[in-house]
Structures are given as structure tokens and as C-alpha cells.
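Reading the structure
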Amino acid sequence: VAELEATELLVSVGDVEPPTLTGFLDSGVDYIITSAAGSLFKMYEAVALRALPNFFDSFVKDRLNAYVDDTLRLFSSGCELSSDMEALDGHVDFRDLLYGAEEAASAGGNGDGRYGDLVPTVMDVIDDWLFGWDEDTGLLAINKAVIVPLTESRFGRRGAVVLEGDLVDLEHVSRYDHWKSFATDLRLTLSNLRVNGLDTLRTPYKVLEPSASGPHVVENQLNLGPMSAGFEFGIGIGDETSPLAMANVVDIMFIMPEVELFVDLFATLQESRLMEFPLRDVLNGSCWLATLPQSDRHLTETTAGLALDYLELLFDQGMQITSSCIRCTNPWLDDLDRIIGFLSEQKFVDEVKSRALAIASNLANSPWVGGLIDDQIAKASRACPHDPQFGLALPETSLPGFVATRDMVDGILYTGMTVVQVIAIIMAQRHSVLEVPEKPLEIELVVPDDSNLIDLTNLSAIVGFADMALDEGRKYVGSAAENGELGINNLLSMLLDEDGVLTIPLEEEANGFPGFEAGGVKLEVWEVQLVGMDSFTTFDVFQTIDSYTLKNKIALERLGCRVKMGLSVEDSSGEQARMLQESGVDANSLETITASLIFKDVELDISLLMAMDRDLLGSMKLGSILNTDNIFYCLLSTVHDVGLSEFIMDVGDIQEFAIEGFVSNATEASIRGMTNSIFDEYKSMVLDALPAFTAVTVRPILHDILGTLVELGRTGACPVPDPALDG
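Residues numbered from 1 in each chain as written. Predicted model: local features only at pLDDT ≥ 70, side-chain atom pairs only at ≥ 80, totals over all residues. Heavy atoms only, no water.

Per the counting criterion, the structure on display carries 20 salt bridges. In this structure, the salt-bridge partner of E219 is K206, at a minimum N-O distance of 3.0 Å. Of this pair, E219 sits in strand β4 (residues 217–224) while K206 is found in strand β3 (residues 202–210), placing the two residues 13 residues apart along the sequence. The exposure class assigned to E219 is buried, which follows from its relative accessible area of 17%. Where R474 meets D471, a salt bridge forms, and the shortest distance between an N and an O atom there is 2.2 Å. Of the two residues, R474 and D471 are both situated in helix α14 (residues 466–478); the distance of three residues between them amounts to about one turn of the helix. With a relative accessible area of 33%, D471 lands in the partly exposed category. Members of the salt-bridge network, linked through shared partners, are E351, R355 and D410. (Salt bridge = Lys/Arg side-chain N within 4 Å of Asp/Glu carboxyl O. Helix = DSSP H or I, 4+ residues; strand = E, 2+ residues; numbered from the N terminus. Buried < 20%, exposed > 50% of the residue type's maximum accessible area, 1.4 Å probe, protein only.)

Written as C-alpha cells, this is what we have:
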């Protein structure tokens, strides 16, 4: 301030109390002097009242201006940092910044008041204003002072956040014909998010409380409740022609009587930047963020700018999940609430919640999140007017990518196995009220008018011995041989291993194994194993019930598949990875994981319609089918249309449903325990609904897939003989 002067000092006095004088030699003297002063006061009171305004505007004003002038002259050299503050060139110790000197020393800080006393004073004022609490309820003052007016003005509801409309809208349109057999498109939406109970903050609490564990950690603890959070989840599959068609919107609500959140932040605020911080930018958030240095990717070191040191979310009284249909084309979703209740009773929700929090904590401390924070710090520096980087272009840098952890993949597999079973339960409930067709459906085949179709009831019209050969073939494969096995079992035994398993390798010469690689996770599907192919008990096939329909009845002791895959995760930090390394296995190498589903006592009723052109079959070139890989598609090229009019599968029991390998022993035990609980409760319903499910839902899918295969046969999958062969 260059000059400061009071130009006018107006004081209005209404009255003056009579003076009282004490402290003389004795009370008698006090009385005499006080009486004399009172008499003088009564004589000159009116004069004094009239003179006081002029007295203040002249005498007092002049003395005040003289004092201010002397004070300004004393500080004419400017406001400068003390030598101690100028020497500060490290990282801020939050114990010294946020606490008074004595409290900072007791918490492990320096306790020398190196950052002054303004910040502790302001923190005390804020603490008294916002974080005082009601003795009866324990509710904090910030609820009424900040949260209630803020939420009411912003969202129109007291203590609630409401985000209306679609927050997530994902749609996938299938590009492949075989997937279109299931559904042409898939759409997932997340909308109308609500969080209630934000105005229930209560004691105990911590906000930016320095930690005794280190100079750069501040602890935060929030207690809320009761709270609730909900959203609307929508799933749409295909149109009305799809066998899986649905358009459902379900409201999912999480009810939490008590929530306790612990968040410890690690931040290395630069002392020099804090000391030199200009007041004009004190309300600029970018400038405060710019006081943090960018990380060197080692978040445990003091060079880290900002990181999450600790995260924990507790639900002391549990969490209840409810669901209700808003718009559902599938009425079986009404029972979803009961299924969720069952899973909660089996501790599935608690297990998923625990795993999710652990994964969130790991992600918060990952290089990926550190890179995102560094990026924001770099942008903040360019947006802060007093920062040396202000206005400069951001350098082109490559941020660390997202890398999944073993715990994350482990948790996804655990959750996925349960979700698959829940989907099976829901589908079973949908089909439990449906009737299984008593006879094959009538399907109209599309064929050209001038077609010469093969009559399946009179194959001898093509080749004289065809009907007899077909009968003999049916008898051979469907009757018991000398060893007591059906002929089909003996035939297939040449293709099976010693365990009766047919292994289909999936490696392609050009592309390797199918699979994907993303986020440090690599998955390869190595082979599919068909189980039970040596256990046929009935094999009555190719029975003609009309000119174009083949009836097949098959029964097996067991039938299923195992999918063998390779899975690796670029993570060496978890306990499982450590155990692998100790055993001499590279944590990044592919580990075998096997998913299996095997049914017991399986019966199949299949009716197939086929319009095969006799002229096209007769004109097929021998050279096209000399390679056995081409026979299937070449035969399809002679078919105008095909249809699956009946597909019914009845199962006596589920022998195996499991995932083995990669997952930890604890997760494998959890999956097994959850599967057993679900089977005890719902397996009989799933088995009872399976015939209707296969007849009503699976049959149309297989029907469309057959149509796709026929189209492939017609569009060149059957090669012509090599014209170069002319020797």
C-alpha cells in the first residue's frame, strides 16, 4: 500500500454514562471525588455531547492518520518471505501445514511453525463451521450448511444426486451371418442414476487429517447412512424374429444402512511453489494441481505427485440389493429379485464387493492411473497463469496403458461362472411354463420351381441298392456288436482317445489359435473336447417320415464338452504370481485353463428337412470331393434349402460344470461352493425346463445356422477340380 489516509471520521454519540472514580486512599475519598466528578458531568454533559463528533473528526482522525503513515513507512521495503521460508525447497509436511506447532510436533512433524499459522487457523474455523455435530444424532453441520442447499439447487432433491437419461448406451450389430442366427444386434443401456442419503454425514469423521505415518499422507474418513443408490439397466437383443429377442429395463437398487469410507491420499506438494503462490490464483484449481510434481511412475517414492495410499469401503450392516421390472418383455425377470436374494444369502454379493474394492485399490495405485494423474497435472500447468508452462503446448507422450491384474481376472472368472448359472436359471424360469411340441413343426422349404428333388423315401430311384444300403447302415450303427457296444461306438472309437474323448484342435496355420490380447491379458482357445462320444445307448437315425424329412433319435450315457484354453496376465505383484515364480514358472507364460460342461443320461430327438437337388448331385465333379475336407460343403452345394423342424434334448443330470486352472485355490473352492448351492436350489428346475428350452429357443438358432451353412456351400465353398491337371 503506497498511501492510506482517513479523510473523514464521523462519530454520533447518543449519551454518556456518568463517570465513576475508584482506587483512592479510602472509600471516603472515592466518594468525594466521584460526587464532584458527577456534579461537573451534569454541568457539562450537553456541551461534551455536542463537541464529541468534532473531537473525533479532527483530533482523533489526525492522530490515526499519523499512526498509519508511520506504520506504512516502517514497511516501505515490501512484504517479503522470511529467510526460513525462502530456504524451504522440499515437499510440504502436511503435519506442519495443517496443525499448530505443538500438535504438529506430537504428530511427528517438525513443530517449528515453518508454514505459519494461517492455514491451521482457517482449518479450525472450517472445522467449527462445517464439522460441528448434533449431540443427539451425530449429524455434521455440513449437511444443512452445504449438502442440502447444493443438492436441492442442482438436482431438485434434498441430499440426492439424480442423473437422468442414458449414461451408457452400447450397441453392437453383428457382422457375421452365424451370429445373426442368434440376434442381429445387442444393446445395453445404463440410465437414471440416483444416489440418496448424501446429507447423512455423521461422526466419526476425518477430513484432510495429517497422518502420523508420514509427512505426505492425509487421512479421510466419512460415515454416512442410511443411503441408497440405484440405476436402470436395459438390455435389448434382436427384433421379434430372433429366438433370444428381448427388450427389458430393470431398476436395480442398492440399500446401505451404514457406509464407512476410508481414503488416505499421498501427495508431494512442493514447498517453494506453495510459498510463492500468488493470491490472485488462489481460487484457480489448476494452479493448486500444478504445485504437484509429475510422477516418475514409482508411486511408493516421494517423487510421486498424487496417489491413493489406502482405500476401504465398509458396510457394517450389510447391503441389500433389490430389482424391479420397469419395462420387461420377459415376465420371468420378475423373479430376478428372488435370485439376487438367494445369491446374497450365499455371500456371493459380499464376495464380489470385497474383490471389487481390492481391485479398485490396486487400480488406483497402478501406473495406468498414475499416468492419468500426470496427464492432468501437465494440463493444469498449462492452464495456470503464474506457472512457467502456462500456454505451452503439451508434449507428445505415451501414457501407460491399462494392465489387468491376476486378482482382477480371477474375480472376473469367479463372477462370470456365477452369472452364467444365473442366466441359466432365468432362461429355465422362462421356459418352465412352455410346452414341448408333440410333433415336428411344419416348415416350408424354399426351392426353385423346376427343381428335381430327391425323394428320401425312395433313394433306390437314384441308385438301385441305396435304400437297402441305408437300412443296413442304420442296423450296423444302431445295433450291438459282438463286444456289446453299439456299432456307432465302435466306429467312433477310431477317432477317440483312450478316455473316449474327441479332441478338435483349433490352431489355424495362418492366424494361430483364436483368442484375444488386451490390457496385459492374453487368451488363446487351444482345443474343444467332445466328451461321451463313446457312450451311445441308442442311435436310430435317418428314419424317413416323409419325402424330405429324416427323423433321428439318439441317447447317450453322457454328453458334454471341455474347452481348453491358455491364459496369461502381465502381472507379477499378486500372491498367485509369486507362488508361480517360486515354482520356476514364468508368471507371464500361458497357463492352462479348462471350462467344462457335461450332461448325464442325454436323449435327443432331431428331425431334419432337406431339399437336395438330384440333378446338382449327379453333376458334381469327382475331383471336387477327392479331398475329404471338401465333401461336406460340396454336398451342401446340392441342397436348395434345409430346415430343423424338431430338436428336443432331455437330460437326467448335470455331471460336471467347472472351471479349472489359473484361478487361485480359494477362488476355485468359492466357485465350487457357489455352484453346489445353486444346483441344490435350482438344478431340478433347469433340467425340467431343458426340453422346452431346446425345442423353443435352441431349435430356431440351429435352423438358421443350417441355412447359413447351405448358403456357404452355394457360394463357392465347394471347389471345382484343378484345371491345371491335364497329364
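Moving on, there is more to tell.
Our focus in this paragraph is the confidence of the model for the protein chain. Reading predicted coordinates in detail is not appropriate for stretches of low pLDDT. Looking at the protein chain as a whole, its pLDDT mean stands at 84, while 89% of the residues score no less than 70. For the protein chain, per-element mean pLDDT is lowest for helix α7 (residues 177–180), which scores 53, and highest for β4, which scores 94. Under a pLDDT of 50 for its full length, residues 296–302 has, in the predicted model, 15 contacts with residues more than four places off or in other chains. (pLDDT = per-residue confidence, 0-100. Contact = heavy atoms within 4.5 Å.)

Together, E485, D497, E498, D499, D534, E557, D601, E603, D650 and D688 line one region of the surface with negative charge. Counting through the fold element by element, E498 comes out in the loop between α15 (487–492) and β10 (501–505). (Patch = residues over 30% accessible without salt bridge, like charges linked within 9 Å, V, L, I, M, F, W, Y side chains within 5 Å. Areas by Shrake-Rupley, 256 points an atom, 1.4 Å probe, with all protein chains shown as cover. Lys, Arg positive; Asp, Glu negative; His and termini not counted. Charge placed at Lys NZ, Arg CZ, Asp CG, Glu CD.)

This paragraph deals with the environment of A356. Tracing the backbone shows A356 in helix α11 (residues 348–364). In sequence terms A356 and M408 are 52 residues apart; their C-alpha atoms lie 8.1 Å from each other.

Turning our eyes to something else, we now look at the packing of α11 against helix α13 (residues 406–431). For the pair α11 and α13, the least separation of the axes is 10 Å and the interaxial angle reads 155°. Judged by the inter-axis angle, α11 sits roughly antiparallel to α13. The interaxial crossing formed by α11 with α13 has left-handed handedness. Judged by residue contacts, F348, E351, V352, R355, I359, N362 and L363 of α11 engage D407, M408, D410, G411, Y414, T415 and T418 from α13. Taken together, the residues that form the contact of α11 with α13 break down as six nonpolar, four polar and four charged. (Axes fitted to C-alpha atoms, helices over the stretch in contact; angles between N-to-C directions. Parallel < 35°, antiparallel > 145°, perpendicular 65-115°, else oblique. Left-handed = near helix turned anticlockwise from the far one by under 90°. Nonpolar A, V, L, I, M, F, W, Y, C, P; charged D, E, K, R; others polar.)

Before going further, it helps to spend a moment on the state of the cysteines. Applying the stated rule across the entire model yields two disulfides. The disulfide bridge from C287 ends at C384, spanning 2.1 Å between sulfur atoms. Sign of the S-S torsion, about 105° for the bond between C287 and C384, identifies this disulfide as right-handed. On the criterion of sequence distance, the pair formed by C287 in helix α9 (residues 285–290) and C384 in the loop between α12 (367–383) and α13 is long-range, its members being 97 residues apart. There is no split in this pair, since C287 and C384 are both buried. A sulfur-sulfur distance of 2.2 Å marks the disulfide that ties C325 to C328. Across the S-S bond of C325 and C328 the torsion is about -100°, and the bridge reads as left-handed. Residue classification places C325 among the partly exposed positions, given a relative accessible area of 26%. (Disulfide = S-S within 2.5 Å.)

As a further point, take α11. For α11, with 17 residues, the first-to-last C-alpha span of 24 Å sits near the 24 Å given by 1.5 Å per residue. Every buried residue of α11 is listed here: F348, V349, R355, I359, S361, L363 and A364. (Expected span 1.5 Å × (residues − 1).)

What follows deals with the packing of helix α10 (residues 336–345) against α13. Relative to each other, α10 and α13 sit at 145°, their axes nearing to 11 Å. In this structure, α10 meets α13 at a crossing whose hand is right-handed. Contact with α10, carried on its side by L336, R338, I339 and L343, involves T418, V422, I425, I426 and Q429 of α13 and no other residues of that element. For the contact of α10 with α13, the per-class residue count stands at six nonpolar, two polar and one charged.

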